[in-house]
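# Tertiary structure, described
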Amino acid sequence: MSLRTRITSTNTDRMTDVKEECGHHMSEAARKAVTYLVFACTMADYIAVGMMRIMLPWYAQRAGGGAVLLGSLETAYGVGQVIGASFMGRLSDFYGRRLVVMISFTGSTVGYAMAGMATGTPLLIASRLPVGLAKQTVTVSRAILADISPPRERTGMMTKLMGSIAVGYAIGPVAGAQLASYLGDQAPAFAASALFLLLMIIMYCVLEETCPNLGEQRKEIKEENNTSKPAVSMLSLLRNPRVLLVVLCTTAPELALIIYSTTGFSVFAMQVLHANKEWLGWHQGATASCAAISAIFLLPTLSKRYNFSDHLLLTIGYVGFAITCLGFALAPSRLVTWILVPLLGLSVAIMRSCPASFASKCVDKADQGAIMGLLDGVSSACRVFAPIATGFLISMTDQLAPFYVCAVLCLIGSHGLTYVPREKK
């Protein structure tokens, strides 16, 4: 056996030990406690996000802008997300999940406070940057759950995480609309900032580190090998053919979901359906409720009891979202938007949970933070150009054009899944 082969074999054994250590130092009770804590804090996180998201179209309108300014707000957030996702996931692999959670909540506290104080366009746009840069809650939450769960349970964990997000997002828009009605449009921003400050304190006091020694052991391996890089970089994960295929075939539908959620549906509701913030809040809340029910009850049942693969679930989600968008475009009315809410909620639940589970099974536990960061990085890259491009598309065509684009993108993703190797039973 050559020296290089012996070194590679030793490193593989060592990294296997590192993988197995993540989460395995914890008792079963501690793992359950961390799981419930992650779900609860993620739900609270998205209550705050929902309160702000419902108000962004009205903040843009008050500043004298329309779809383009709304898109610019989302693009500023996306720029921050691209930068943050490029290193925050890997940072959690080296220095712990707990640190990144704290950074995430700190950035959100500062950013939403800036939005509450904003009286003009520059500060409003600037407020989106720290939120985007630091807010990697979903990335690190997925990594934590991957640390403490075996692969066979990971789909269920990711769908339940999506369920907690959906529950929060069901409450947030309604709460934000009501706060704005009674206390003024700035109230949801300050309430979101206060909630993130509370979450930061709770996680600092309660959260147990799930992978405490990973960074040190990676450093030891680097020193023994005298190599220049201690870990697989986020982009180098794309050398894994299955990871590359999963990323490619999930990017187009992710782009569709961003077009819909950031600019497309809000402008459609305001300008075509002539809806107010209360109606939009109730519609988004109902959609998120259906997504929560799907993620908490339906998807885990399909995955565990009926052996639905991530591959099959994603196909259902992509086709369902395409049908929903075509329904909005071909029959634009409030009645149709309510009829399609259950299908929309199911599709969103699948599209927000299954890609992470799908990709996490392609890499080792030692690289879970990196793969989640890669997925969020791709999503964030889409957020940089998709919202403002959608704004320009609406200004040059009409408010229905984004729905046709979303349908095409989802069908492309569904077709792309046929090239991804099926999961082994």
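It should be noted that the structure appears before, not after, this text.
Quick summary incoming for the structure in this document. None of the values given here were measured: they were computed from a predicted structure.

Cut-off values and rules
- Residues numbered from 1 in each chain as written.
- Predicted model: local features only at pLDDT ≥ 70, side-chain atom pairs only at ≥ 80, totals over all residues.
- Heavy atoms only, no water.
- Helix = DSSP H or I, 4+ residues; strand = E, 2+ residues; numbered from the N terminus.
- Buried < 20%, exposed > 50% of the residue type's maximum accessible area, 1.4 Å probe, protein only.
- Areas by Shrake-Rupley, 256 points an atom, 1.4 Å probe, with all protein chains shown as cover.
- Axes fitted to C-alpha atoms, helices over the stretch in contact; angles between N-to-C directions.
- Left-handed = near helix turned anticlockwise from the far one by under 90°.
- Contact = heavy atoms within 4.5 Å.
- Phe/Tyr/Trp six-rings, centres within 6.5 Å; stacked < 30°, edge-to-face > 60°.
- Lys NZ or Arg CZ within 6 Å of the ring centre and 35° of its normal.
- Salt bridge = Lys/Arg side-chain N within 4 Å of Asp/Glu carboxyl O.
- Core = buried A, V, L, I, M, F, W, Y, C linked by side-chain atoms within 4.5 Å.
- Expected span 1.5 Å × (residues − 1).
- Nonpolar A, V, L, I, M, F, W, Y, C, P; charged D, E, K, R; others polar.
- Patch = residues over 30% accessible without salt bridge, like charges linked within 9 Å, V, L, I, M, F, W, Y side chains within 5 Å.

All right, on to the overall build of the protein then. A count of helical and extended segments in the protein gives 18 helices and zero strands. When each of the 425 residues of the protein is scored for burial, the buried share is 59%. Working note: accessible area of the protein is about 17100 Å², and carbon and sulfur atoms make up 66% of it.

Right, let's talk about the packing of helix 14 (residues 310-330) against helix 16 (residues 341-360) for a bit. Axis separation between helix 14 and helix 16 bottoms out at 8 Å; the angle between their running directions is 145°. Considering how the two elements wind past one another, helix 14 and helix 16 form a crossing that is left-handed. Contacts from Asp310, His311, Leu313, Leu314, Ile316, Gly317, Tyr318, Gly320, Phe321, Ile323, Thr324 and Phe328 of helix 14 reach helix 16 at Leu343, Leu344, Ser347, Val348, Ile350, Met351, Cys354, Pro355, Ser357 and Phe358.

With that settled, consider the packing of aromatic side chains. Note on aromatic pairs: each is described by the distance of the centres and the angle between the planes. On inspection of all chains with the given rule, the structure shows 12 aromatic pairs. Their ring planes at 90° and their centres at 5.0 Å tell us that Phe268 and Phe403 sit as a pair that is edge-to-face. In this pair, Phe268 sits in helix 12 (residues 241-271) while Phe403 sits in helix 18 (residues 401-416), placing the two residues 135 residues apart along the sequence. Both residues of the pair, Phe268 and Phe403, belong to the buried class. The lysine or arginine in question, Arg98, covers the ring of Tyr204, its NZ or CZ lying 4.9 Å from the ring centre.

What follows deals with the environment of Pro355. Along the chain, Pro355 falls in helix 16. Judged by its relative accessible area of 12%, Pro355 is buried. For the pair Pro355 and Met158, spaced 197 residues apart in sequence, the C-alpha to C-alpha distance is 9.2 Å. Beyond its immediate stretch of four places on either side in the chain, Pro355 contacts Thr250, Leu314, Tyr318, Ile350 and Leu375.

As a further point, take unusual backbone geometry. Only a minority of non-glycine residues have a phi that is not negative, and only a minority of peptide bonds are not trans. Of note in the backbone geometry, His274 takes a positive phi value of approximately 55° without being a glycine. Checked against the element boundaries, His274 lands in the loop between helix 12 and helix 13 (277-304). Positive phi, normally seen in glycine, also occurs at Asn307, with a value near 60°.

Moving on, we come to the pattern of salt bridges. Going through the model one piece at a time under the given rule, you end up with five salt bridges. Where Arg128 meets Glu74, a salt bridge forms, and the shortest distance between an N and an O atom there is 3.6 Å. Residue Arg128 is found in helix 7 (residues 128-134), and its partner Glu74 is found in helix 3 (residues 67-85); the two are separated by 54 residues along the sequence. Each member of the pair, Arg128 as well as Glu74, is classed as buried.

Ranked by size, the top nonpolar core spans 120 residues in total, and within it Phe265, Phe321 and Phe403 carry the most contacts. Top contributing element to this core by residue count: helix 2 (residues 28-62), with 19 residues.

In this section: helix 8 (residues 137-148). In a regular helix each residue adds 1.5 Å, so 12 residues correspond to 16 Å; helix 8 covers 17 Å between its end C-alpha atoms and thus fits that length. Counting buried residues in helix 8 gives 12 out of 12 residues, a clear majority hidden from the surface. By the burial criterion, the buried members of helix 8 are Thr137, Val138, Thr139, Val140, Ser141, Arg142, Ala143, Ile144, Leu145, Ala146, Asp147 and Ile148.

With that settled, consider the side chain of Arg128. A residue is classified by how much of its surface remains accessible, and Arg128, at 4% relative accessible area, is buried. Sequence-distant contacts of Arg128, defined by excluding residues within four places in its chain, comprise Arg53, Leu56, Leu73, Glu74, Ala76, Tyr77 and Tyr112.

What follows concerns the environment of Ala118. Here Ala118 lies in the loop between helix 5 (97-117) and helix 6 (121-126). Since its relative accessible area comes to 6%, Ala118 is described here as buried. When neighbours within four sequence positions are excluded, Ala118 is seen to be in contact with Arg62, Leu123, Leu124 and Gln186.

Across the interface, helix 2 lies against helix 9 (residues 151-183) with an axial gap of 6 Å and an inter-helix angle of 35°. By crossing handedness, the relation of helix 2 to helix 9 is classed as right-handed. Counted by class, the contact of helix 2 with helix 9 contains 20 nonpolar, seven polar and two charged residues.

Quick look at the side chain of Thr75 now. Mapping Thr75 onto the fold places it in helix 3. Excluding residues within four positions of it along the chain, Thr75 makes contact with Arg383, Val384, Pro387 and Ile388.

Nonpolar side chains collect at one region of the surface, where Val79, Ile83, Phe87, Leu129 and Leu133 lie side by side and expose about 380 Å² of accessible area between them. The set of elements that each furnish at least two residues to the nonpolar patch consists of helix 3 and helix 7. For Ile83, the location among the structural elements is in helix 3. Judged by relative accessible area, Ile83 falls into the partly exposed class, the value being 43%.

What follows deals with the environment of Leu326. Its location among the elements puts Leu326 in helix 14. Take Leu326: its relative accessible area is 32%, and that puts it in the partly exposed class. Taking the C-alpha atoms as reference, Leu326 lies 6.4 Å from Ala407; in sequence the two are 81 residues apart. Setting aside its immediate chain neighbours within four residues, Leu326 contacts Tyr404 and Ala407.

Treat this as a map of the structure, not an account of what it does.
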